[in-house]
Amino acid sequence: PGARVHTTGILVKEAADELDLPHEFTRRVHGVRLYGPSLKHLDLFAPGYYFLTTETAGLLNWLGDEARRAGAHVQCSTPFTGAARKDGHIQIGGLDLKTRYLIGADGARSKVARCFGLGRNEQFLVGLEAEYEGDLELDARFLHCFIDSKLAPGYLGWAAPGPKYAQIGLATNMSSAPDLKAFTEKTSGLFRYHDATVVERRSGRIPCGGTVDPIGAEGVALVGDAAGLVSPMTGGGIRLAFRSGRRAAQLVSDHLLDAGPSPAAVLSQEYPRFGLKKLLRKGLDLAPPNWLVDAALSAPGMTRLARQVYFHKRGSPGMSWASFQDRIRAMETSATALAPDDGKSRRT
C-alpha cells in the first residue's frame, strides 16, 4: 500500500481527528509561514490548531495493516481493468472476483468512474515534490508556503518538515508544468539544498473542479478523489477521503444487510458542492501578477484572511505568538521528560 506515493501526506487537524494515527509516522507543525513572490512573509498560527506531516509510505502500510486486522483482504499489484454486471452481481474483469457493491476509491482519474459512465474529474492541479535528507535549515515550527504566479500559477510551492525528511514541492494549474528546479533555485537563499540529498521524488494530479456528477449508479459509488471530494481552493482532500470512505461503508452495510436506501443516492445528497470555493478557484487560475500578490500580502486584514484559509475558525483567541511559542516549548519539555527511555527519539 505504501508503494508509488502520489500525495504530500500533510494532514490538516480535521483529518488527524478522523483517525488515531501512530506517532512514529507523524510530525506536528503548529504554524504557517506564508511568502510572497519577493519572499517577504507572514507568520500565522492558531493555538489549538496544527498540521501533521507524515512518513506517508509507512502510514499507508499501517492503514493497510489496520484494514487486514478488521477482516479485509488486501490484494496489491492488481490493477482494475474493468467490470460488468452479471446475475445480480458485479464481476471484476480479469479476476475471479464478484461483489454486490463496488466502491471506486481509485483516485483522480478513476477507472471505476469511466467503466460505469459516472462523473469524472476534468480540472486538475499537477504537483511535484522531492524529499530531502540532511540539514536544510528549515524552521520546523512552520509549513512554509510560497505564492508565486510565475512558478506556481493557480496554487503554491511548499517546504515542510517531515518526520524523517524535508518535503519540497509545488503544484500548478494546467497552464504550465511544475518546475521544481526553478523553485529550489529561488528558495536556495532560505534553505541549504547543497547540504542535503534527494531521497525520493513523487508527483500526482489533484482534482480541483469540485464534486463529480453522478457519483454512483446501481451497485457502484465513488469516494475521495474519484468523487472530486477535494477543495477547489486549497487542494485538500485527505479529510474528505477518510470521511466519505467511512460514510460509504456505513451506507453499503445498511443497504445490503438491512434493506437501507441506495448508498449512491444518499451520498449524492451529503457530498459538498463547493460553490464558493469553485468561484475562488476561477480567481486563483487567473494567476494575478506577482507585484499585486506582494501588495496584497502587505494589505491590512491579510493576516486575518490568511488565518481563516489555513486554520478556519479553530484556535484560542487572545494569545500572542511569543506566548504560544513559550507554551509549545513547555509542552515539548514535559513530553520529553515523560517519554520512556528506550533509546528512540520522540516527536511531540
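Below is a summary of the structure that appears in this document. (Residues numbered from 1 in each chain as written. Predicted model: local features only at pLDDT ≥ 70, side-chain atom pairs only at ≥ 80, totals over all residues. Heavy atoms only, no water.)

Thoughts on the overall build of the protein chain
Okay, step 1: When helices and strands are tallied, the protein chain shows ten helices and 16 strands.
Okay, step 2: Rg of the C-alpha trace for the protein chain: 22 Å, near the compact-globule value of 20 Å for 348 residues, within the 12% margin.
Okay, step 3: The burial tally for the protein chain puts 43% of its 348 residues in the buried class.
Okay, step 4: Restricting to contacts in the protein chain with at least 6 residues of sequence separation, those with at least 24 account for 73%.
Okay, step 5: Split by element, the accessible area of the protein chain, about 18,600 Å² in all, is 53% carbon and sulfur.
Okay, step 6: Between the averaged position of the 43 positive side-chain charges in the protein chain and that of its 36 negative side-chain charges there is a distance of 4 Å. (Helix = DSSP H or I, 4+ residues; strand = E, 2+ residues; numbered from the N terminus. Rg over C-alpha atoms; globule rule 2.2 N^0.38 Å. Buried < 20%, exposed > 50% of the residue type's maximum accessible area, 1.4 Å probe, protein only. Contact = heavy atoms within 4.5 Å. Areas by Shrake-Rupley, 256 points an atom, 1.4 Å probe, with all protein chains shown as cover. Lys, Arg positive; Asp, Glu negative; His and termini not counted. Charge placed at Lys NZ, Arg CZ, Asp CG, Glu CD.)

So, the packing of helix H5 (residues 238-258) against helix H6 (residues 263-270)
Okay, step 1: Two elements in contact, H5 and H6, have axes separated by 9 Å at closest approach and are oriented at 145°. Like other packed secondary-structure pairs, H5 and H6 cross with a definite hand, here right-handed. Here Arg247, Ala248, Leu251, Val252 and His255 of H5 lie close against H6, whose contacting residues are Pro263, Val266, Leu267 and Glu270. (Axes fitted to C-alpha atoms, helices over the stretch in contact; angles between N-to-C directions. Left-handed = near helix turned anticlockwise from the far one by under 90°.)

Examining the sheet that holds strand S15 (residues 216-217)
Okay, step 1: Strand order across the open sheet formed by three strands is S9-S16-S15, with mixed pairing between neighbours. At either end of the open sheet lies a strand with only one pairing partner, and these are strand S9 (102-104) and S15.
Okay, step 2: Direction of pairing for S15 relative to strand S16 (residues 220-222): antiparallel, over a ladder of two bridges. Bridge pairing links Gly216 to Ala221 in S16. (Pairing = 2+ DSSP bridges.)

Focus: the pairing of strand S11 (residues 142-146)
Okay, step 1: Here S11 lies mainly inside the structure; five of its five residues are buried.
Okay, step 2: Going residue by residue along S11, you find Phe142, His144 and Phe146 tucked away on one face and Leu143 and Cys145 tucked away on the opposite face as well.
Okay, step 3: Pairing of strand S3 (residues 31-35) with S11 involves five bridges; the strand directions are parallel. Note that in S11 the partner of Leu34 across the bridge is Cys145.
Okay, step 4: Of the pairings in the sheet, the one linking S11 to strand S12 (residues 157-161) comprises three bridges and is antiparallel in character. Looking at S12, one finds that His144 is bridged to Ala159.

Concerning H6
Okay, step 1: Restricting attention to buried positions, one finds in H6 the residues Pro263, Ala264, Val266, Leu267 and Ser268.
Okay, step 2: Looking at the buried residues of H6, the elements they touch are S15, S16 and H5.

Regarding a nonpolar patch on the surface
Okay, step 1: Together, Leu276, Leu279 and Leu280 make up a nonpolar patch on the protein surface, roughly 310 Å² of accessible area in all.
Okay, step 2: Inspection of the secondary structure puts Leu279 in helix H7 (residues 275-285). (Patch = residues over 30% accessible without salt bridge, like charges linked within 9 Å, V, L, I, M, F, W, Y side chains within 5 Å. Salt bridge = Lys/Arg side-chain N within 4 Å of Asp/Glu carboxyl O.)

Quick notes on the packing of aromatic side chains
Okay, step 1: On inspection of all chains with the given rule, the structure shows nine aromatic pairs.
Okay, step 2: Relative to Phe311, the ring of Phe51 lies with its centre 6.0 Å away and its plane at 50°, an arrangement referred to as tilted. One end of the pair, Phe51, is in strand S5 (residues 51-54); the other, Phe311, is in helix H9 (residues 302-311), and 260 residues separate them in sequence. Each member of the pair Phe51 and Phe311 is classed as buried.
Okay, step 3: An angle of 80° between the planes, with centres 5.3 Å apart, marks the rings of Phe146 and Phe183 as edge-to-face. In this pair, Phe146 is assigned in strand S11 and Phe183 in helix H4 (residues 180-186), connecting sequence segments 37 residues apart.
Okay, step 4: Of the residues examined, Phe183 reaches a relative accessible area of 3% and is grouped as buried.
Okay, step 5: Among the aromatic residues, ring-to-ring pairing joins Tyr35, Tyr132, Phe146, Phe183, Phe191 and Tyr193 into one connected group.
Okay, step 6: The ring of Tyr50 has Arg28 sitting right over it, with the charged end atom 4.0 Å from the ring centre.
Okay, step 7: Over the ring of Phe124 we find Arg205; its NZ or CZ atom is 5.2 Å from the centre of that ring. (Phe/Tyr/Trp six-rings, centres within 6.5 Å; stacked < 30°, edge-to-face > 60°. Lys NZ or Arg CZ within 6 Å of the ring centre and 35° of its normal.)

Topic: the sheet that holds strand S6 (residues 83-86)
Okay, step 1: Read across the open sheet, the three strands follow the order S6-S7-S8; overall the sheet is antiparallel. Looking along the sheet, the strands with just one partner apiece sit at the ends: S6 and strand S8 (98-99).
Okay, step 2: Here S6 runs beside strand S7 (residues 89-92); their pairing, made up of four bridges, is antiparallel. Across the sheet, Arg85 pairs through a bridge with Ile90, a residue of S7.

Focus: the environment of Ala221
Okay, step 1: As for its placement among the helices and strands, Ala221 is situated in strand S16.
Okay, step 2: Spatially, the C-alpha atom of Ala221 lies 20 Å from that of Gln75, the residues being 146 residues apart in sequence.
Okay, step 3: Apart from the residues lying within four places of it in its own chain, the contact partners of Ala221 are Tyr101, Leu102, Ile103, Gly104, Ile215, Gly216, Ala264 and Leu267.

Nothing here speaks to function; it is all geometry.
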